[in-house]
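Now for the letters of each chain:
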Amino acid sequence: MTKTWNNKAWFMVLPVLLLVAFNAVIPLMTVVNYSVQETFGNNLFFFEGVRWYEEVLASSRFHAALGRQFLFTFIILAIEIPLGVAVALAMPRSGPWVSVCLVFMALPLLVPWNVVGAMWNIFALPDIGLLGRSINALGIDYNFTQQPLSAWFTVVLMDVWHWTSLVVLLAYAGLRSIPDAYYQAAKIDGASRLAVFRYIQLPKMSRVLTIAVLLRFIDSFMIYTEPFVLTGGGPGNATTFLSIDLVKAALGEFNLGIAAAMSIIYFLMTLLVCWVFYTAMTNYYDGER
Amino acid sequence: MDLTWMAWTWQTATFFAVIAFLLLGMMLWEYVAPGGGARVGILRFETTRGDRLFISLLMSAYIHLGWLAFSDASLWGATIASLAFAAAVFRWV
């Protein structure tokens, strides 16, 4: 049978296309233009070719920021995904407590980024903050404004507090979609709790977990506001992630060329990861059908 | 329309023109042979020719960056490598 192809529906997408062109494509093209030029302001540009790319790729500062970025993303994924699944499993499946749990879980997600940063800044201050004072009272020397390790600990803790809920909500949605018959069958077969998790819950959750990993990866990979407010990238450069470094280069030092080249490289990395996840996800759907 | 704020150079304009022509070419190709030429290649999942173009373009960017990072030879080498890669993608992926 030959399919009839009617592509007229694509015209319906035109408004979105215009919007995306305006807020993504045209700015991106401008960044590409910047990345091959040098400017000293006044909208005067001088062609430099691929010099900025060579400098960025060879710069130890960029390598360090990239390394920190990957480390951060890896750490928060390694904590948030298992923790989120665990919390979702512990949540009640029915009854009045469901809504209570869901509301509590959603609360951190409703707090704006800069407020989260400011909250945690005060919360973790060693002299007046509850967290900072408590840790120091335990006899642990903790000062996130001076010790890189403490700063990392605080940034990671803050992100876990802010975003684990998202994983919980997604995982919980996945769990809720499992019909009771599956559990009954498992009970009849005498399946252990672990087997139920391994062969029923995890496979049923894998789709939403892929989305959770993708969202958390992208979000943490471009994290800016929270660490900027909390640590300002410090102490020294200890928590200067890619986006913070990028803004430093672009606005602090007005190296638009370098910053643009960094943005493009950054964008390409995000694009690759998005594509991999997207492909994995869509093929998973196709496999299910 | 004044586009000077975008700081155009003829090099980047050429770059985007090539991409625009590629997209135009893809549309023509789709018009001549509809269906996207979907098949399962060496990546073991279904790709259309749009996917193959995307993979080629994205990997070309990485090939060029890798070339800049690890080689002092002319960047045209990377372009030739990218074209070869794209041909391979369109043949086998």
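Conventions used here
- Every chain is numbered on its own, with residues counted from 1 as its sequence reads.
- To label them, take the chains in the order written and letter them from A, then take the ligands in the order written and number them from 1.
- Only residues with pLDDT of at least 70 are given local features in this predicted model, and only at 80 or more are side-chain atom pairs given and counted; all residues enter the totals for whole chains, interfaces and linings.
- Where side-chain values are given, they derive from all heavy atoms of the structure, hydrogens and water being excluded.
- Note on exposure labels: buried denotes an accessible area under 20% of the residue type's maximum, exposed denotes more than 50%, and partly exposed covers the range between, all computed with a 1.4 Å probe on protein chains only.
- In DSSP terms, a helix is any run of H or I states spanning at least four residues, a strand is any run of E spanning at least two, and both are numbered starting from the N terminus.
- A fitted line through C-alpha atoms represents every axis, and for helices the fit uses only the stretch in contact; the resulting angles, taken between N-to-C directions, go from 0 to 180 degrees.
- Convention used here: angles under 35 degrees read as roughly parallel, angles over 145 as roughly antiparallel, angles from 65 to 115 as roughly perpendicular, and any remaining angle as oblique.
- Note on convention: the crossing is left-handed when the near helix lies turned anticlockwise from the far helix by less than a right angle, right-handed when the turn is clockwise.
- Contacts are residue-level and defined by heavy atoms, with any inter-residue pair within 4.5 Å sufficient.
- Throughout this entry, Asp, Glu, Lys and Arg are counted as charged residues, while Ala, Val, Leu, Ile, Met, Phe, Trp, Tyr, Cys and Pro are counted as nonpolar. The remaining residues, Gly among them, count as polar.
- Summed over both partners, the accessible area (1.4 Å probe) lost when two parts come together is defined as the buried area.
- The salt bridge definition used is simple: a Lys or Arg side-chain nitrogen within 4 Å of an Asp or Glu carboxyl oxygen.
- Counted as a polar contact is a pair of N or O atoms within 3.5 Å, where, for protein atoms, one must be capable of donating a hydrogen and the other of accepting one, and residues adjacent in sequence contribute only when both atoms are in side chains.
- All domain edges in this entry derive from an automatic or database-based domain assignment.
- UniProt positions are given in the numbering used here, feature names are shortened, and annotations may be inferred rather than shown by experiment.
- Buried Ala, Val, Leu, Ile, Met, Phe, Trp, Tyr and Cys residues that are joined via side-chain atoms within 4.5 Å together make up what is termed a nonpolar core.

**Q** Looking at this structure, I do not really get helix α11 (residues 242–252) of chain A. What am I missing?
**A** The α-helix winds at 3.6 residues per turn, so residues separated by three or four positions along the chain end up facing the same way. Within α11(A), the full set of buried residues consists of Leu242(A), Ser243(A), Ile244(A), Asp245(A), Leu246(A), Ala249(A) and Ala250(A). Directly after α11(A), the chain includes Phe254(A), whose backbone phi takes a positive value near 50°.

**Q** For this particular structure, what's the right way to read the packing of helix α7 (residues 148–176) of chain A against helix α9 (residues 193–221) of chain A?
**A** Between two packed helices, the angle of one axis relative to the other and the distance separating the axes together describe the packing. Residues and elements named next belong to chain A. Axis separation between α7 and α9 bottoms out at 8 Å; the angle between their running directions is 150°. On the basis of their axis angle, the class for α7 and α9 is roughly antiparallel. The two elements α7 and α9 meet at a crossing, and its hand is right-handed. From α7, Asp-159, Trp-163, Leu-166, Val-167, Leu-170, Ala-171, Gly-174 and Leu-175 reach across to α9, where they touch Gln-201, Lys-204, Met-205, Val-208, Leu-209, Ala-212, Leu-215, Arg-216 and Asp-219. Partitioning the contact of α7 with α9 into residue classes produces 11 nonpolar, two polar and four charged.

**Q** Honestly, the interface of chain B and chain A in this entry has me stumped. Any pointers?
**A** Interfaces are often sized by the amount of accessible area the parts lose when they come together. Counting from both sides, the interface comprises 22 residues of chain B and, opposite them, 24 residues of chain A. Both sides together, the interface formed by chain B and chain A hides about 2,200 Å², and carbon and sulfur atoms give 77% of it. For the interface between chain B and chain A, the tally reads zero salt bridges. At the junction of chain B and chain A, the tally comes to five residue pairs in polar contact (both at pLDDT 80 or more). Tallying contributions element by element places helix α2 (residues 49–70) of chain B first for the side of chain B that touches chain A, with eight residues.

**Q** Looking at this model, I keep getting lost on the domain arrangement of chain A. Mind explaining?
**A** All names here are of chain A. You can read the domains of chain A as domain 1 (22–58 + 255–289) and domain 2 (72–239). Here the C-alpha centre of domain 2 lies 29 Å away from the C-alpha centre of domain 1. Counting residues at the interface gives 10 residues for domain 1 and 11 residues for domain 2. Carbon and sulfur atoms supply 76% of the area that domain 1 and domain 2 bury against each other, a total of about 1,000 Å² over both sides. For the interface between domain 1 and domain 2, the tally reads zero salt bridges. Inspection of the domain 1/domain 2 interface yields one residue pair in polar contact (both at pLDDT 80 or more).

**Q** Would you take a moment to explain the UniProt feature "transmembrane region" (unreviewed entry) in chain B for this structure?
**A** Residues and elements named next belong to chain B. Taking the numbering used here, the UniProt-annotated feature "transmembrane region" (unreviewed entry) corresponds to residues 12–32, 53–70 and 76–92. Structurally, residues 12–32 comprises 100% helix and 0% strand, and the distance from its first C-alpha atom to its last is 30 Å. End C-alpha atoms of residues 53–70 are separated by 25 Å, and the span's content is 100% helix alongside 0% strand.

**Q** Quick question: what am I supposed to make of the domain arrangement of chain B here?
**A** All names here are of chain B. Splitting chain B by domain gives domain 1 (1–34) and domain 2 (37–93). Between domain 1 and domain 2, the C-alpha centre-to-centre distance is 19 Å. Listed by partner, the interface residues are six residues for domain 1 and five residues for domain 2. Here domain 1 packs against domain 2, burying approximately 540 Å² in sum over the two surfaces, 74% of which is carbon and sulfur. The largest per-residue losses of area from domain 1 upon contact with domain 2 belong to Leu-22, Met-26 and Trp-29, which jointly make up 69% of the total buried on that side. Where domain 1 packs against domain 2, one counts one salt bridge. Residue Arg-49 pairs with Glu-30 through a salt bridge whose shortest N-O separation is 3.0 Å. Taken together, the connections running from domain 1 to domain 2 amount to two residue pairs in polar contact (both at pLDDT 80 or more). Grouping the amino acids of the side of domain 1 that touches domain 2 by side-chain chemistry returns five nonpolar, no polar and one charged.

**Q** It is not clear to me how the packing of helix α3 (residues 60–90) of chain A against α9(A) should be interpreted in this structure. Could you clarify?
**A** Residue and element names in this part refer to chain A. Contact geometry of α3 with α9 gives a least axis separation of 9 Å together with a crossing angle of 140°. Between α3 and α9, the interaxial angle falls into the category oblique. Where α3 crosses over α9, the handedness of that crossing is right-handed. Contacts between α3 and α9 involve Gln-69, Phe-70, Phe-72, Thr-73, Ile-76, Leu-77, Glu-80, Ile-81, Val-85 and Leu-89 from the first element and Arg-193, Phe-197, Gln-201, Met-205, Leu-209, Ala-212, Val-213, Arg-216, Phe-217, Ser-220 and Phe-221 from the second.

**Q** I keep staring at the nonpolar core and nothing clicks. Help me out?
**A** Most often, soluble globular proteins have nonpolar side chains that are buried together. Residue and element names in this part refer to chain A. If you look at the biggest cluster of nonpolar residues, it comprises 56 residues, and the most contacted ones within it are Tyr-53, Val-56, Phe-62, Met-205, Leu-242, Met-262 and Ile-265. The element that contributes the greatest number of residues to this core is helix α12 (residues 256–288), accounting for 12 residues. Excluding residues that lie within four positions of it along the chain, Met-262 makes contacts with Val-56, Phe-62, Leu-242, Asp-245, Leu-246 and Ala-249. Among the nonpolar cores identified, the runner-up in size contains 18 residues, and Phe-72, Ile-76, Val-155 and Ile-223 belong to it.

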